[in-house]
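# Geometric and topological summary
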Amino acid sequence: MNASRQPERRLIASNKRARHDYTVLKTYEAGIALMGTEVKSLREGRASLVDAFAQERDGEILLYGLHIAEYAYGTWTNHQPRRTRKLLLHRAEIDRILAKTREGGVTLVPLSMYFENGWAKVELALARGRRSYDKRQVLAERDANREIAREMGRHLKGHPRRG
């Protein structure tokens, strides 16, 4: 039986735009080094990944542009909303990620932020940027697949084809 009262994985914020603008090659899960008021603000769900990105500095991977709103009941110890935060990964993972990003054309983008067993985590993606015609092609493909699934559902239920 699970001793904690909170669910296994609770979503805080997601970056829907990232999946539209980038082709995701591989995903990684990373912890985040946070201050106390940041954690309290995250538990209230007050975070935004809109302009966030990750980069290497001094052999570590840091998260830039992540906005965590100031904690409403915080005092002078409150955090800065857009400060740079260190990501917690194993050294071997960091080395693999940095090798891929140095190849060129690949960047690190945060896809979502969540609590897992009480720990704040970020889902990072090695991603390649999409051109505008690629985005249109992916949208058309998604619409076509949705229409196929809809027709299959109608066929299986025995409904006549709409036309």
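Residues numbered from 1 in each chain as written. Predicted model: local features only at pLDDT ≥ 70, side-chain atom pairs only at ≥ 80, totals over all residues. Heavy atoms only, no water.

Moving on, we come to the overall build of the chain. Summing up its helical and strand segments, the chain has four helices and nine strands in all. Along the chain, helices and strands appear, N-terminal first, in the series β-α-β-α-β-β-β-β-β-α-β-β-α. Along the three orthogonal principal directions, the C-alpha set of the chain runs to about 65 × 45 × 30 Å. Burial statistics for the chain: of 163 residues in total, 34% are counted as buried. (Helix = DSSP H or I, 4+ residues; strand = E, 2+ residues; numbered from the N terminus. Buried < 20%, exposed > 50% of the residue type's maximum accessible area, 1.4 Å probe, protein only.)

The residue Asp 58 is not glycine, and still its phi comes out positive at about 55°. The topology assignment puts Asp 58 in the loop between strand 4 (53–57) and strand 5 (60–64). Classification of Asp 58 as exposed rests on a relative accessible area of 71%.

Counting 27 residues, the largest nonpolar core has Leu 42, Ile 61, Leu 87 and Met 113 as its most contacted members. Elements that contribute at least two residues to this core include exactly strand 1 (9–14), strand 2 (22–32), strand 5, helix 3 (91–102), strand 8 (107–116) and strand 9 (119–129). Ranked by the residues each element gives to this core, the list is headed by strand 9, at four residues. When near neighbours in sequence (up to four residues on either side) are disregarded, Ile 61 contacts Ala 54, Gln 55, Glu 56, Lys 86, Leu 87, Leu 89, Ile 94, Ile 97, Leu 98 and Leu 108. (Core = buried A, V, L, I, M, F, W, Y, C linked by side-chain atoms within 4.5 Å. Contact = heavy atoms within 4.5 Å.)

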